[in-house]
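# Descriptive structure summary
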Amino acid sequence: MTNAPSTADDAHEAVVVDRITKRFDGTIALDDVSVRVNAGELFGFIGPDGAGKTTLFRILTTLIVPDSGIARVLGSDVVEGIWTLRRQIGYMPGRFSLYPDLSVEENLRFFASVFGTTVEREYDQIAPIYVQLEPFRTRRAAALSGGMKQKLALCCALVHRPQILFLDEPTTGVDAVSRREFWELLAKFRAGGLTILVSTPYMEEANRCGRVALLQRGRVLAIDAPKAITASYERPLFAVRAADRFTAIRALRAYRNTASVYPFGEALHFVDARADASPDRITSDAIDALHAAGVTDATVSPTPATIEDVFMARMGAPEGEEPNAQRGNPA
Amino acid sequence: MSPAPSGEAIRAHDLTRTFGEFMAVDHITFDVKPGEVFGFLGANGAGKTTAIRMLTGLLAPSGGEASVAGHDVATESEAIKQDIGYMSQRFSLYDDLTVRENIRLYGGIYDLTPSELRDRTRRILDRLGLARAERTLVRAIPLGWKQKLALSVALLHEPKVVFLDEPTSGVDPVTRRQFWELIYEAAHAGTTVLVTTHYMDEAEYCDRISIMVSGRIEAMGAPAELKKQAGVASIDELFVRLARPSAESTRGAA
C-alpha cells in the first residue's frame, strides 16, 4: 500500500478516508467511501443497521483493513501506522466490551494500567464523567443500567488521553434521558478540543454534531452540517394532520398530484408532484382531495424538512425492494 | 375483520407490583380503547416491562386490577394468551426456518384451520411483497422484512390486542414508516396496539401515550396535547423533564 505524501492541510485533518471499499463474503459493507474530519470536530455518521458505520470505525481503529482505498488518522496510515495509532486513539465499540464481573473502579484501573498510566494521573481528563460514575464505584459493571454502562465505557476509552475518539453507536438502546446526558458529555469533551467521531442510527441526533455523513448500505448520501443538509431538501414539504391518519394516507396515495406521502410522527409529510404549483394551491388541492375521501378535519401546512426527510429522499429503495418502486409506497 | 368489542381493550386500575420492598409498578391506572395505538414510554427501570408482563398474564399483580380483551389478568391469564399478540425486537421469528415455515409454526400454535392458515399466509406474503422469498430462511432476509414479518405473524391469529416491544430498532427510515403503516392498518381494522419504544419521535405516531417514571404514570394523553400543556416542542423534551430527576440514583440499576 502506498502512503500518499502529507500535505499542509493534513495538520488540520484528523481523519482522511479516501475511496475505501470493503466486502464481506460478497456483501459490500463500504462502497467507495470518502470523508474528511477536521481536528476538533464532533462528527456524526448517521445511518441504520447495515449502513457500514461499524466497518468504517473498525478500519479507522486499525482492527480490519480495507480491500481498497486509503485511510489516515492523525496523519498515520491505518494499515502501516497501526502501533502508533493504537496508543493515540480511543475506541468504544458498539457492543458493551468491559469486564462485567469487575466493578466500575476496577474496570477503569484496568484500562488505565494497560496504557501504563493511572486513574489519578489522568483524573482531570475523565473528571466530567467520573463524577457521575463515582456513586456506583463499587458496583459490578454488569449491574449498571444501560446509560451508566455507556458512561463507564466512555470513561475507559478516555483514560489514556487519546487525541481522537471513535464511538460506535454509544446511544443505541439507551433511554432518552441517558442519551441526552451522553451527548452533553460529548459536547464537553469536544469543547476541550478532542476530535470525536460518533455513529448513531437515531437521525435526530445528527443535530448534536457539527457535521455529519449520512450513510446507507455502504454509501455516503451526504456530508455537511445538519442545517445545510436539511436546507438542501429540494421540494416544498407539507405536514398534513388528521385524526384518522390511516384513511388520510390512503387518500393521499390515491391523489393524482402526490409525489410522496409517509407518516411522520403526529403528522403526514406530503410532497406535491407539481413543480409550478403555489403553496396555497398545493394546500387547497390537497384538502379537497382529502375531503373527497371523507377526511374532513385535515389541515395542511408547510413544514421544514428534517434530517430524516433528506435521508429518505436520497436513500433509494429499502433493501430487498425494487429500486424503481414508487416513493412512499406502503410495504 | 371482527367488529370492535364493546368496552375497553385494556383496563388497568391501581395496578401494582412489588418485589420485596421494591415497588416496580406503583398504582397505575389507564384505559386503552379498541383500535387505539397506545405508546407506553418510560426510562430503563421505570416499570414498563413489569407492567407489560402483568398485562400479558405472565406475572401476577400484587394489587389493583387489570383486564385485557375483557379477561382479568389475575384469574384468566390463559384466555388472555389466545386474545393477544406479542412481538419483541429480540425474539419473534426463528432464523433457521423459512418465511413460510415461520408463519405455519405460529398458525399451529394458535390452532388455525388449514384453510385459515392458507388464506392468511397468502395475504401476508402479498401484503409484504414477500411471495418470492417464501422459501428463504428468515436469517437471510433483510432486517426490515423480518420486522414486518414478525408483526404480521404476531397478528396472524387476529388478536384483539397486540403488544409491540421496541419493534423498529435499527431499520432505515423508509422501512420504519412502512412498519407504522402496518400498525395503523391493524388499528384501523380494530386491533388495539400497545407499543414501547426508545425513539421519542416514534411516540408521536401514537394516538395516546403514557410516560412512566419510577413505577408511576406521570403523564398521559395525545402527544400534541401533552406537548401543548407542557409548552415543549417534542415528547423527548417532556420525557427528559419528567424522568431526569429520578434517573439512576433512586432506582438503582435496571
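Treat the numbers as computed from the prediction; the structure is a model and nothing was measured.

## Let's talk about the overall build of chain B
Tallying secondary structure elements over chain B gives nine helices and 10 strands in all. The C-alpha radius of gyration computed for chain B amounts to 18 Å, which stays within 12% of the reference 18 Å derived for 254 residues, consistent with globular compactness. Its C-alpha atoms put chain B at 50 × 40 × 35 Å along the principal axes. Summarising the internal contacts of chain B: among those between residues at least 6 apart in sequence, 69% fall at separations of at least 24.

## A look at the packing of helix H8 (residues 245–254) of chain A against helix H6 (residues 173–188) of chain B
If you want to describe how two helices pack, look at the angle between their axes and the distance between the axes. Put simply, H8 of chain A and H6 of chain B touch, their axes get as near as 9 Å, and they point 120° apart. For the crossing formed where H8 of chain A meets H6 of chain B, the hand is left-handed. Contacts from Arg245, Phe246 and Ile249 of chain A of H8 of chain A reach H6 of chain B at Glu181, Tyr184, Glu185 and His188 of chain B. Grouping the amino acids of the contact of H8 of chain A with H6 of chain B by side-chain chemistry returns three nonpolar, one polar and three charged.

## Section: the nonpolar core
Formed by 75 residues in total, the largest nonpolar core has its most connected members in Val68, Val162, Ile183, Val193, Leu194 and Phe239 of chain B. Ranked by residue count, the leading element in this core is H6 of chain B, at seven residues. The contacts of isoleucine 183 of chain B, once residues within four sequence positions are left out, are Val37 and Val193 of chain B. One finds Leu30, Ala157, Leu158 and Cys209 of chain A within the second-largest nonpolar core, a separate group that totals 72 residues.

## Some points on the sheet that holds strand S8 (residues 195–200) of chain A
Residues and elements named next belong to chain A. Overall, mixed pairing links the six strands, which are arranged S6-S7-S8-S3-S9-S10 in an open sheet. Unpaired on one side and paired on the other, strand S6 (89–92) and strand S10 (219–224) mark the two borders of the sheet. Geometrically, the sheet is characterised by an average inter-axis angle of 15° between neighbouring strands, direction not taken into account. Along the sheet, helix H1 (residues 53–60) contacts strand S3 (42–46), strand S7 (164–168), S8 and strand S9 (211–216); its crossing angle with S7, the most-contacted strand, is approximately 150°. In the packing of helix H6 (residues 176–191) onto the sheet, the strands contacted are S3 and S8, and the crossing angle to S8 comes to about 155°.

## With respect to the sheet that holds strand S4 (residues 63–68) of chain B
Residues and elements named next belong to chain B. Strand order in the open sheet formed by four strands is S2-S1-S4-S5, with antiparallel pairing between adjacent strands. Only two strands of the sheet have a single neighbouring strand rather than two, namely strand S2 (22–32) and strand S5 (71–72). For S4 and S5, the ladder comprises two bridges, and the chain directions are antiparallel. Bridge pairing in S5 links serine 67 to aspartate 72. Sheet strands in contact with helix H1 (residues 48–55) are strand S1 (10–19), S2 and S4, and its direction is about 120° off that of S1.

Scoring rules and cut-offs
- Residues numbered from 1 in each chain as written.
- Chains lettered and ligands numbered in written order.
- Predicted model: local features only at pLDDT ≥ 70, side-chain atom pairs only at ≥ 80, totals over all residues.
- Helix = DSSP H or I, 4+ residues; strand = E, 2+ residues; numbered from the N terminus.
- Rg over C-alpha atoms; globule rule 2.2 N^0.38 Å.
- Contact = placed C-beta atoms within 7 Å.
- Axes fitted to C-alpha atoms, helices over the stretch in contact; angles between N-to-C directions.
- Left-handed = near helix turned anticlockwise from the far one by under 90°.
- Nonpolar A, V, L, I, M, F, W, Y, C, P; charged D, E, K, R; others polar.
- Core = buried A, V, L, I, M, F, W, Y, C linked by C-beta atoms within 7 Å.
- Buried ≥ 20, exposed ≤ 12 C-beta atoms within 10 Å, placed from the backbone.
- Pairing = 2+ DSSP bridges.

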